Amino acid sequence: MDRRQFLFHSSMLAAGAALPFKSLFANNQGRFKTLRRNVGYFTERGGTIGWLASPDAMAVIDSQYPKTAKNCLNGLRDKTDQPLNLLINTHHHGDHTGGNPIFKGVAEKMIAHDNVPKLMQKANKESEGEGNTAFPDTTYSESWEMDLGDETIHAKYYGPGHTSGDSVVYFEQANVVHMGDLVFNRMNPYTDRPSGASMRSWIKILSAVADEYPSDAIYIFGHAKPEYGVTGNKDDLGVMENYLSAVLNYAQKGIEQGLSKQEITNKETLEEFDHFLYADFWTLSDNLGVAYEELTQS
Ligand SMILES: [Zn+2]
């Protein structure tokens, strides 16, 4: 791991992605948006939070950071008198679990895929701070569901993607799907290979999800280029899928031409995707490096 990757890796896992995501996604106050029925999203800093706030239930998907988690919880308490029934973590990254301590003891259940507590524990060991010990208390291996008031919430694991513990969360009656970080909308995504990410499997997940849910489902994305926003439809999943395929294909072609890893990864943007956001904390080169490793080491 080179120095830049090390710094990024450390800041993602130890400081909970505070540094890179702060500059991109900082707002002075959180924003609530209702999407359909009693389901919506909250953005302030870090990964997009999904929520359900109905007369008989409250649920939260992901927890951002302690300060913004408090703002989110306070705002939801204005929408419903119900206690918080549920927190689901879509994956272990600090910008999606950093607010867990705010929800610990408040949420009746904290749900995630089996690998999430393990990956949080590993991140704690690698960090120099105290770490986040507010782990999910209920985990599942393939799928999980629960009725909450007049809504049914599903969590499903489709295999390794952005990490090896990504849940896709579906609000069935509202027909809203939270993708966690399986979609960075029009952004070069972070790909956490040390936590089991796989680009090839990620591509299959996006295609499976687009086929599985109704064509008019609304999707919530973990991160987005601001002009495109953190929600969209199945076509946006297709764009993410095409991008990952283009990254893999570019690396594959380079390997076939006998180019070195350094030659292959020396690239700043992909031509057909020049409208994408290429943030400097995780570059196209980094993803081409991941693709190269996946294609040559697996
Ligand atoms: Zn993530």
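Quick note: structure is the one above.
Thresholds applied
Residues numbered from 1 in each chain as written. Predicted model: local features only at pLDDT ≥ 70, side-chain atom pairs only at ≥ 80, totals over all residues. Heavy atoms only, no water. Donors = N, O, S within 2.8 Å, 3.2 Å for Na, K, Ca; no water. Tetrahedral: all angles 85-135°; square planar, octahedral: opposite > 155°, others 65-115°. Buried < 20%, exposed > 50% of the residue type's maximum accessible area, 1.4 Å probe, protein only. Pairing = 2+ DSSP bridges. Helix = DSSP H or I, 4+ residues; strand = E, 2+ residues; numbered from the N terminus. Contact = heavy atoms within 4.5 Å. Lys, Arg positive; Asp, Glu negative; His and termini not counted. Salt bridge = Lys/Arg side-chain N within 4 Å of Asp/Glu carboxyl O.

## Thoughts on the coordination of the zinc ion
For step 1, the next point in the chain: Looking at the zinc ion, one finds its protein donor set to be His91 (NE2), His93 (ND1), His162 (NE2) and Asp181 (OD), positioned 2.2 Å from the metal centre.
For step 2, the next point in the chain: For the zinc ion, the 4 donor atoms are set out with angles of 87 to 170 degrees between them, so the coordination reads as irregular.
For step 3, the next point in the chain: Going along the chain, you hit the donors of the zinc ion in the pattern H-x1-H-x68-H-x18-D.
For step 4, the next point in the chain: For histidine 91, a relative accessible area of 0% puts it in the buried group.

## What to know about the pairing of strand S8 (residues 143–148)
Along any regular strand, the residues point their side chains to alternate faces of the sheet.
For step 1, the next point in the chain: Relative to strand S9 (residues 151–157), S8 runs antiparallel, the two sharing 6 bridges. Along S9, the bridge assignment pairs tryptophan 144 with alanine 155.
For step 2, the next point in the chain: Where S8 folds back onto S9 in an antiparallel hairpin, the turn is made up of 2 residues, including glycine 149, whose phi is positive at roughly 60 degrees.

## Structural notes on the environment of serine 195
For step 1, the next point in the chain: Along the chain, serine 195 falls in the loop between strand S12 (184–185) and helix H7 (199–212).
For step 2, the next point in the chain: For the pair serine 195 and asparagine 115, spaced 80 residues apart in sequence, the C-alpha separation works out to 9.4 Å.
For step 3, the next point in the chain: Setting aside chain neighbours within four positions, we find serine 195 in contact with His92, Leu119, Lys122, Thr163 and Ser164.

## Regarding the side chain of aspartate 192
For step 1, the next point in the chain: Mapped onto the elements of the fold, aspartate 192 is located in the loop between S12 and H7.
For step 2, the next point in the chain: At 6.3 Å, lysine 122 is the nearest oppositely charged side chain to aspartate 192, a buried residue that forms no salt bridge.
For step 3, the next point in the chain: The residues touching aspartate 192, leaving out its near neighbours within four places in the chain, are His92, His93, His162, Thr163 and Ala197.

## Regarding the pairing of strand S3 (residues 49–54)
For step 1, the next point in the chain: Most of S3 is tucked away: 6 of the 6 residues are buried.
For step 2, the next point in the chain: Covered by surrounding structure in S3 are Ile49, Trp51 and Ala53 together with Gly50, Leu52 and Ser54, the residues of both alternating faces.
For step 3, the next point in the chain: Both strand S2 (residues 39–43) and S3 contribute to a ladder of 4 bridges, which runs antiparallel. Its bridge partner being in S3, glycine 40 is matched across the sheet by tryptophan 51.
For step 4, the next point in the chain: In this antiparallel pair of consecutive strands, S2 and S3, the connection spans 5 residues, and glycine 46 shows a positive phi of 90 degrees.
For step 5, the next point in the chain: As paired strands, S3 and strand S4 (residues 57–61) are joined by 5 bridges and run antiparallel to one another. Bridge pairing links glycine 50 to isoleucine 61 in S4.
For step 6, the next point in the chain: Hairpin connection from S3 to S4: 2 residues lie between these consecutive antiparallel strands.

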